[in-house]
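Examination of the molecular architecture
Each chain is listed here by its residues.
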Amino acid sequence: VEGSRVAAAVQLQALAHPEVSFRLIRDGKQTLMTIGDGKLLSAIHGVYGNEFVSTLIPVSYKMGNIRLDLRTVLIAPVSARKNRSMQLFFINGRFVKTGTGAAALQEAYKNAIMIGKFPAGVYHLDFPFDQIDVNVHPAKIEVRFSDERAIFNVIYYGVKSALEAGDTRPQM
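Definitions and cut-offs
Residues numbered from 1 in each chain as written. Predicted model: local features only at pLDDT ≥ 70, side-chain atom pairs only at ≥ 80, totals over all residues. Heavy atoms only, no water. Helix = DSSP H or I, 4+ residues; strand = E, 2+ residues; numbered from the N terminus. Buried < 20%, exposed > 50% of the residue type's maximum accessible area, 1.4 Å probe, protein only. Contact = heavy atoms within 4.5 Å. Polar contact = N/O pair within 3.5 Å; in protein donor to acceptor, adjacent residues only side chain to side chain.

Right, let's talk about the environment of Leu105 for a bit. Its location among the elements puts Leu105 in helix α4 (residues 99-108). Residue class for Leu105 comes out buried when judged on its relative accessible area of 0%. Sequence-wise, Leu105 and Gly158 are 53 residues apart; in three dimensions their C-alpha atoms are separated by 9.7 Å. If we skip the residues at most four places from it in the chain, Leu105 touches Gln87, Phe89, Pro119, Tyr123, Ile155 and Val159.

Encoded structure:
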């Protein structure tokens, strides 16, 4: 159990900081290796493998003073997951859990994925520090925003536009 928690923590740090090289050896076997070249796709490849990376669509979107970072990637609708465990949000380089972000993703993918499936991806947001409350949970993982609607809109419109741009299905 402790080994799984350590592995999860190293995975999150590797995705939060692709400019740092990570190597995890568990029970004498290397289970994770990132090269630290500063590219999120390289870090994702090291954490989740080639199959996951091959389904990713890049996102870059800005609205006001909130920005979905160029490092943000989302998964193609055909590769949706059976739970939300692969929805990873990073705000100012820190892993967080946000119900607003999950709701925005679900709405952006509406009619693009099957019912009972969930979008996945690694979402990096740059956000002013004075508009975030991290004192919601003792572990500081859950956050609240001074303007929840703004966060929802940035994620929704950024993901929606990336899905439309990355849609390779033939037009009927």
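Secondary-structure assignment places Thr98 in the loop between β8 (94-96) and α4. Look at Thr98 and you get buried, because its relative accessible area is 9%. In this structure the side chain of Thr98 is engaged in a polar contact, spanning 3.3 Å, whose partner is the backbone nitrogen of Thr100. Looking at Thr98, its side chain comes within polar contact range of the main-chain nitrogen of Gly101, at 3.2 Å.

All right, on to the environment of Gly101 then. Its place among the elements puts Gly101 in helix α4. Taking C-alpha positions, Gly101 is 9.3 Å from Tyr123, a pair spaced 22 residues apart along the chain. Setting aside its immediate chain neighbours within four residues, Gly101 contacts Phe89 and Ile155.

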